[in-house]
Every structure is written in C-alpha cells, then in structure tokens.
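Structural characterization, general
What follows is each chain in one-letter form.
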Amino acid sequence: MSAVSQSPDRPGCVRARARVDGTVQGVGFRPFVYRLAGELALAGWVRNDERGVELEVEGEAAAVQAFLARLPAEAPPLAVVERVQSQPSEPVGETSFVIVPSAAAGEADALVTPDAATCEACLAELFDPGDRRFRYPFVNCTNCGPRFTIVRGVPYDRRLTTMAAFSMCAQCASEYEDPGDRRFHAQPNACAVCGPRARLAGVASPAPDPIAGAARLLAEGAVLAVKGLGGYHLACCADNEAAVATLRARKRREERPFALMARDLEAARRLAFVEGLQSTLLTARDRPIVLVPRRPGAAVCPSVAPAAPELGLMLPYTPLHHLLLADLQALGGEALVMTSGNVSDEPIAYEDDDAVARLAKIADGFLTHDRPIHMRTDDSVLRTVLVGGRRRALPLRRSRGQVPSSLRLPVRASRSVLACGAELKSTFCLARGERAWVSHHIGDLRNWETLRSFREGVAHFQGLFALTPELVAHDLHPEYLSSAYALERPEVELLGVQHHHAHLAAVLAEHGETGPAVGAIYDGAGYGTDGTVWGGELLVGDLRRFERAGHLRPTALAGGDRAVHEPWRMACSWLAEATGSSLPPIPAALEGRVDPRRWNAVAKIARRGVASPRTTSVGRLCDAVAALCGLRPEVSYEGQAAIELEAIADARERYAYAMPYEDGQIDPRPAIVGVMADLAAGAQPATVAARFHNALVTATADACLAIAADAGLGVVVLAGGVFQNRLLLEGVAAAVHDAGLRVLTAERLPPNDGAISFGQAAIAAAARR
C-alpha cells in the first residue's frame, strides 16, 4: 500500500499521515517538521501527543515522499527517531502548514530527553560581547541544556519544570513562540533579564562577576562547591597539590581518583593521550567522564589519581562550566578537579540548603544559582575497549546525559514491571510493553540517605512514565535494602532473580536477544541459589532460566565482608588453598604490613569456616594476587586492589600461569603457586600481574568454549564488574571470537551491578508472558 493518497481533483497532489516514535518532544522536532514542510512547499499540520509526534502533509507526490525520507535522516541533534509509520490520507486542499496544540489521550509513551551539553550556537552567543546573552551562564535552546534534571512531571511544559518560577521577558517569549527560531518551545529559555542568576556565596568578598570571582579563588588554591546540572561538584585546581590534598582530607576520600574537567579538547590533549573514539566521546552531547592514558609531565598533581595510569577527563557541559574554565585558563590554570559534591558514600548534594549543610566544612565557598535541580544525577563514566576487532565505548556508570533514554526489551512485558537492582552501584528499572527505563546511578544502597534517593527516584520515574508496577523483581539476597524495598511494596507480585542470571540477561537483552548463551559472569559477590557467595560463574541460560555449568574453585571468604576491605585476608585464604598448609607463612611482600597474629587468626578461621563463607568470587581472587604482590593489603575503595593490579600489568608479557578448567571448575591454585615462585625469584609485580591476567583469560576462554561445545551453543556473554578490566575483557573476547563464537558484552549499560535492574526487568518480562 502506498504511504500517500492522491487527490482526483488535483492530479499529482497527495496527502500522508505519519506517526513518529522516539525521543521527539522537547528537542525542536515540531519546528524541524515545520521548516522541512516549508522548504518542500507542503501543507498540513504537526502536533505532540502522548506517544510522540503525529503529522499530516499534503502536496506534490515527490515532495511528500522526500519529506517522509528526510524526517528520520535530518532530525534535530537531540532527537532519537525510533520509527516513522505513514499511511495514505485523503487530500483536503490545505494551503499552509501549522503547528497545532498538543493532543492528550491514552497511555503516556512519549520519551523524556536526557540533559545535553551546550551546543555550538549557544557557545557562540555566550562568548560574543555583542550578543544579549554574552556571559549568561544559563544560555540554552532546543538543541541543548537541562531536560531530565529539571522536569517535575509530564507533559514536558515549562510549568512542570523547575523553570516555572521564571517568567520570560518579551524577547525570550518572542523566541519561544517563533517556529522559525531555534528556541521555539525551549522550556528552559531565559536571559539575564528574566532567568536564573549565578552567585558566589560563603566567601568574604564576593566579586561583581561571580564566575570570574570563583575562577580567581580557585587559582589561589580554594576548594569550591559548584552547582551543575545534576548536583554539586567539589572543585579545585588540578595542578595544586595542597588544594587537592585539602579536598581529599575534608571529603574523606583517601585514594579513589578524582575526575578532571578541561576547557576543551586541546586542553584535554595536554593532559592525556586522547585519540579517535576518545575524542568523539569527550565531545559528545552527553559529555561523559572518559578514562584516558595520562600524559607524562601533565599539569596534574600526583594526588589527583594515585597509582592510576589513566585520568578521568570530561569537558564543560554547561555555560557556567565553560565560563569558569575560560576564566581559569586566563589566570594560568589548566584544569579543575570536579568530583561529586558529597562526603564519601553519601549521595551527591543537589538541593541548595542541603548542599550548604553537608558541604560547608569541605568547601571554602559556593558557586551556585537559583534554578532548582529536581533530580540528582551524577556524571556518566566510560572507557574504551577493543572487542571483536572494533574499538568502542564501555560504560562504567550510566547517568547524566544518558538517562532517562529507554532501552528496548526483546520480550514485551505484558504487565508493568519495577526491577529494584542490587546493592552496589544501584539502579532501578521500570518497564512497560517493549520499553525499559533504567534509572540514573543511585550509588551504593547501604545507608538511609541513598535509600531515600532510591525511593525518590522510583516515585519520579513512575510519574514521568505514568507507570504503576504490577510485578516487582528483586535480588535474592535477603539483606539488600533493594530487596527489602521490594518486599514492602503493597499489592504487587514479587519475583526473586538470581544475581548472576540478571547479569547474563542484561547483556542478552540490550543486544535484543533472548538466548540461550554461555555466560562467564565474574564479579565480587552475588547470592547464589545454594545460599553461598557466588562471583566466578559459568552459566548456560536465557531470559527464562539458567543452570550453573561451572565456576571458580571456591575458597574461604575469611572474615566475611572484612575481606573486601582487607585483601590480605584473601591472600591468606588462597595461599592455604593452594599449598595445603593450614597456617601458610606471611608472604615477603606483606611482612611488616600485616600483623602476624592477625594473619594466623585469619588462617585459623578460614580453615574452620568460622565467619568465612565459601566463595567463588573472581573479584576476591584478583584482590588476593594484588595483596601477594604487595600492592594493597588494605583498600580504601571497592575494587581498588584489582584495579591497581590491572594497571601495573606488563602488556609485553605473554607467559601465563597454569589455571586449568576441569570437572566444571576453574582451578587457580597452580597460578597462586606460580605467583609465589616468581615473586620469590625476584620477578617484578608487573610481570606477575600480567602472567596472572593471561592465565585467567586462557582459563575463562577454555571454559566457555568447552561449555559451548557441550551445549551446542555459539554465543558467549561476558558480564559482571570484573569485566570492567580491559585486559580480561579484551583477552577473553578475542580468544572466544577467534574460535568462531559470537561474543556479547555490555555496550549501553555497564557490565557491573548498574545493569542488574535491567536484567531483572528482562527476566520478569519473559517469565510472565
């Protein structure tokens, strides 16, 4: 059937009706349609409705066909056109094209847009002395600016955003009402006359220009709290060791690397080796933090990222950031530390009064403004990896600039679903039909403040997407706060989902697949179906079910959760396992760093199983090897030991320790013996780290290939937080790919527990078809 209908009275004149689904509201899509119709001399109309955009066009057949073809191809920068469906309609003789009022009927399915970095057109105005928005720190248009973080409800109208209190002046209103203007229906539209204002607070002598004053304070060594899109950052000059040390001490963040903000790509390249895809990611509209190799001699003090060969870099994404970095550069500054505005383990501060209460003892002053933030949102984080011969992004945290973009489920959810995620790197997910909305990064769900943020986020998403959950999926762990929250929900059906099955399902679902597949799921810990601590799992499964085909050989998690913070305990446990000794001697690298009495006590409780559950965790195995190498007997943040072990590994080393896969178990005992022998012979930790990684790569690939052959499968999934490790991910993926199997890895969601909620939602959709 033709997508157009021809008029019998006017030969050559046709009319078509079209629906456009995707992210097409609040992004300048209707003005784009209006201009395109004008260019092609077409009549008709366009409007928003609860599902997206619908329109009708009438004119010459060739023009109508060209219009329908150009709709998705030339959409505005922030639009995501998922589908254009057209059908013929009877010509009515219209002679003009108009934007008509929005229609509202039926179930809401229009997509809310993520926040977007300042566009080039707005930047030109920001730095143009002749423009009325010169140095106005809240310039925006339909192609950029705040979206998700200011939305209070739907539809996306100014009255339902945090801009409601700001009435537009005549000039701004004229832009807002002009379909030919790029600020047509730009809800945050404002200027210095009518819009939000910045101010510098908490300092002795505020400057007339708050941003210039803040730049001067930073250049002089101050620590400032800076209000951004999704919350407050804590900022100081990256090349000022005293300022960075002060920030670390006040924030109680001992060693975890800080993120940096550089003025532009040129400045970023003076700090790090930024190439190809990394440049693309840094300048993308979501402006994530990107991990890039640091450049020797860069103007970054050592305490910014201790023991890390990479820097977490981002570029400015608000006009305020652009002005601040430009003013700092004029004073001789190169980059700013921009870390989350909180005390360690708390959610980021985003409300002004709360920020002052929580950050006043950390910051010397506040660069703030009076546009409220409705939903706190941390910065997104990416690194690049080579998988299947293709260099691509690997998300480590999906948040600002990417949320609340939806993901498609491979199985349609017949009922509304809420998936509550896990504990670390917590997210939640709402799903309806074929769409799933994974939340912004909530944090580690271990305290009341983070739980409150979780609850607020769930309530906000339910309102945005007009969704009341009927089915609630949760982790099997009985002590997770996310599971407790699920159990408290009234009048819903509950579905417990095993942690590692959710990891497998998340990767399958984001690739639009249902399985079955072999899954190597490696992480720190997850509650197993047998009640033990899993973490090195070889699964065969799909979205409905799974079986445990193999796993890492179990050992004692000596002291339970204390072993997470004290990797020397896992070194003791694995040494005892590998040597058969009930009381292994302290390795040379740990002498003088671990009390012999504590070492012996841990060896005893591990042997007896007292407060020492058995675990198959690959994360804890990596911790053990890091401790044996003398890197980290204790850690100050989760995953630190394994991260530093990866960082020192000598990329030139090709030898691998023995780590056989037999009878359904990967056995690292020979590798542990090899580690100790090499260290005793004087091998460098960098060599030992590389040989260990090579061993784990080989063992994992061998196990996946063996299980795939037995099950007759050709797809392997690599998931879990351990696969944030580039050496492991790239090594295993290459080995499996070279053997002729297809490898699926995380691409739109992190491999860590930030993806658990999406996996739970996919399993819930498949389980209740």
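Described in the following lines is the structure provided in the data block. Source: prediction; values computed, not measured.

Rules used in this analysis
Residues numbered from 1 in each chain as written. Predicted model: local features only at pLDDT ≥ 70, side-chain atom pairs only at ≥ 80, totals over all residues. Heavy atoms only, no water. Helix = DSSP H or I, 4+ residues; strand = E, 2+ residues; numbered from the N terminus. Buried < 20%, exposed > 50% of the residue type's maximum accessible area, 1.4 Å probe, protein only. Contact = heavy atoms within 4.5 Å. Areas by Shrake-Rupley, 256 points an atom, 1.4 Å probe, with all protein chains shown as cover. Lys, Arg positive; Asp, Glu negative; His and termini not counted. Charge placed at Lys NZ, Arg CZ, Asp CG, Glu CD. Phe/Tyr/Trp six-rings, centres within 6.5 Å; stacked < 30°, edge-to-face > 60°. Disulfide = S-S within 2.5 Å. Axes fitted to C-alpha atoms, helices over the stretch in contact; angles between N-to-C directions. Parallel < 35°, antiparallel > 145°, perpendicular 65-115°, else oblique. Left-handed = near helix turned anticlockwise from the far one by under 90°. Nonpolar A, V, L, I, M, F, W, Y, C, P; charged D, E, K, R; others polar. Core = buried A, V, L, I, M, F, W, Y, C linked by side-chain atoms within 4.5 Å. Pairing = 2+ DSSP bridges.

Section: the overall build of the protein chain
For the protein chain, the count of helices and strands is 22 helices and 29 strands. Overall size of the protein chain, expressed as C-alpha extent along the three principal axes, is 95 × 65 × 50 Å. Burial statistics for the protein chain: of 769 residues in total, 60% are counted as buried. Residue pairs in contact within the protein chain that sit at least 24 positions apart in sequence constitute 71% of those at least 6 positions apart. Accessible area for the protein chain stands at about 28300 Å²; split by element, carbon and sulfur atoms hold 50% of it. Averaging the coordinates of the 81 positive side-chain charges in the protein chain and doing the same for the 88 negative ones gives two points 2 Å apart.

Some remarks on the packing of aromatic side chains
In total, this model carries 13 aromatic pairs according to the counting rule given. A ring pair is formed by Tyr34 and Phe97, whose centres lie 6.4 Å apart and whose planes are at 65 degrees; its orientation type is edge-to-face. Pair noted here: Tyr34 is in helix 1 (residues 29-39) and Phe97 is in strand 6 (residues 97-99), with a separation of 63 residues, a long-range link. The exposure class assigned to Phe97 is buried, which follows from its relative accessible area of 10%. With 5.6 Å between their ring centres and 70 degrees between their planes, Tyr136 and Phe138 make a pair best called edge-to-face. Exposure class is identical for Tyr136 and Phe138. Each is buried. Each member of the aromatic cluster is reached from another via a ring pair, and the members are Phe148, Phe428, Trp437, Phe454, Phe461, Phe465 and Tyr485.

Considerations on the state of the cysteines
Scanning all chains against the criterion turns up zero disulfides. Cys144 carries a free sulfur, and the closest cysteine sulfur to it, the one in Cys119, is 3.7 Å from it.

Concerning the packing of helix 17 (residues 618-628) against helix 19 (residues 669-680)
In the contact formed by helix 17 and helix 19, the axes pass within 11 Å of each other and the chain directions differ by 15 degrees. Considered as vectors, helix 17 and helix 19 are oriented roughly parallel to each other. For the pair helix 17 and helix 19, the sense of crossing is right-handed. Here helix 17 contributes Leu621, Val625 and Leu628 to the contact with helix 19, which in turn contributes Ile672, Val675, Met676 and Leu679. Here the residues of the contact of helix 17 with helix 19 sort into seven nonpolar, no polar and no charged.

Side note on helix 1
Taken together, the buried positions of helix 1 are occupied by Phe29, Arg30, Pro31, Phe32, Val33, Leu36 and Ala37. Here the buried face of helix 1 lies against strand 2 (13-23), strand 3 (43-48), strand 4 (53-60), helix 2 (61-73), strand 5 (80-88) and strand 6. Just beyond helix 1, the residue with positive phi is Ala41, at close to 60 degrees.

With respect to the nonpolar core
Core analysis: the largest hydrophobic core is formed by 115 residues, its most contacted members being Leu324, Tyr522, Phe692 and Leu718. At 13 residues, the largest contribution of residues to this core is made by helix 20 (residues 685-711).

As for the sheet that holds strand 18 (residues 429-438)
Across the sheet, four strands lie side by side as 18-17-19-20; this open sheet has mixed pairing. At either margin of the open sheet sits one strand with a lone partner, and together these are strand 18 and strand 20 (493-497). Here the average twist between neighbouring strands, direction ignored, is 60 degrees. Where strand 17 (residues 407-419) and strand 18 come together, six bridges link them in antiparallel fashion. Bridged to Ala413 within strand 18 is Gly433. Running at roughly 155 degrees to strand 19 (residues 471-475), helix 12 (residues 481-488) makes contact with strand 17, strand 19 and strand 20 of the sheet. Across the sheet, helix 13 (residues 499-510) is in contact with strand 17, strand 19 and strand 20; its angle to strand 17 comes to roughly 135 degrees.

Quick word on the sheet that holds strand 9 (residues 232-237)
Pairing within the open sheet is mixed, and its ten strands lie in the order 7-14-8-9-13-10-12-11-15-16. The sheet is open, and its two borders are formed by strand 7 (198-201) and strand 16 (390-397), each paired with just one other strand. Neighbour-to-neighbour, the strand axes of this sheet turn through a mean angle of 35 degrees, independent of strand direction. The pairing of strand 15 (residues 381-387) with strand 16 spans seven bridges and is antiparallel. The partner of Thr384 across the bridge, within strand 16, is Ala393. Seen against the sheet, helix 5 (residues 210-219) touches strand 7, strand 8 (224-227), strand 9, strand 13 (335-340) and strand 14 (365-369) and runs at an angle of roughly 40 degrees to strand 7. Strands strand 8, strand 9 and strand 14 of the sheet are contacted by helix 10 (residues 352-359), whose axis makes an angle of about 170 degrees with strand 14.

Purely spatial values, then, with no claim about function.
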